[in-house]
Amino acid sequence: MTAESDPSDENGLPLWPAAERNKQPIAEVLATVLPERGLLLEVASGSGQHAAHFVNTLPGWTIQPSDCDPEHLATLTRRVALVKNPRLLPPLELDVTAIPRAGVAATIEPNAIYCANMQHIAPWAACLGLFALSGRWLRAGGLLVTYGPYSVHGEHTAESNARFDQSLRGRNPEWGVRDVDALTDVAQAESLTLATTHTMPANNLLLVWQHR
């Protein structure tokens, strides 16, 4: 959620510092792993800074932002209206923990799904839902791209990530940095395979999962 101290742009929309820092490094990797064009569904778009950036850096892609938080959806609606790019679509209300009841499955067929910094600040059910959604909505060969801090084989990749994990679990026992091995097991059950792993700034990883 947006903190009161977070800066805003000239239109009063939130500018989350982490999103501002990582949007370009992420966009550069996306440009290398995604096909030339398609429909990209972003899950948990938050402030919409990534979506607004990707519509310019991925010129062949239409971006579909989504979120389940009413405040974020309101922000996304305003940001989309200000960007005025037909390839940046109005936000979709989407809760990955409620996918079995979601009524939008038949109305959207993404070529790729993208989710940044949700899995650790959400219950494990959100991770399960994200992979279930991807397994059902992606066609064969479609990609799920996830970004954030991860542990690998049960070990944190940096001491700062270990401290962050402790902080998250102290705030909510259902939160926490996820391990790539645990996610791989979940992915396999949804016909997804970890294709590539990209090391990113600030001890984060970008994981590319491909639908079989």
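Residues numbered from 1 in each chain as written. Predicted model: local features only at pLDDT ≥ 70, side-chain atom pairs only at ≥ 80, totals over all residues. Heavy atoms only, no water.

Attention now moves to the environment of Ala19. Topologically, Ala19 is positioned in helix H1 (residues 17–33). Accessibility expressed as a relative area gives 10% for Ala19, which makes it buried. When the C-alpha positions of Ala19 and Ala98 are compared, they lie 26 Å apart, and in sequence the two are 79 residues distant. Each residue touching Ala19, except ones within four places of it in the same chain, is listed here: Gln49 and His50. (Helix = DSSP H or I, 4+ residues; strand = E, 2+ residues; numbered from the N terminus. Buried < 20%, exposed > 50% of the residue type's maximum accessible area, 1.4 Å probe, protein only. Contact = heavy atoms within 4.5 Å.)

Using the criterion set out here, one finds two aromatic pairs in the structure. Look at Phe54 and Tyr114: their rings are 5.2 Å apart centre to centre, the planes differ by 75°, and that puts the pair in the edge-to-face class. Of the two residues, Phe54 is situated in helix H2 (residues 49–57) and Tyr114 in strand S5 (residues 112–116); the sequence distance between them amounts to 60 residues. In this structure Phe54 comes out as buried when scored by relative accessible area, which is 1%. Seen in terms of ring centroids, Phe131 and Trp209 are 5.1 Å apart; in terms of plane orientation they differ by 90°. Their pairing is edge-to-face. Of this pair, Phe131 sits in helix H4 (residues 124–137) while Trp209 sits in strand S11 (residues 204–211), and the two are 78 residues apart along the sequence. Trp209 carries the same exposure label as Phe131, and that label is buried. (Phe/Tyr/Trp six-rings, centres within 6.5 Å; stacked < 30°, edge-to-face > 60°.)

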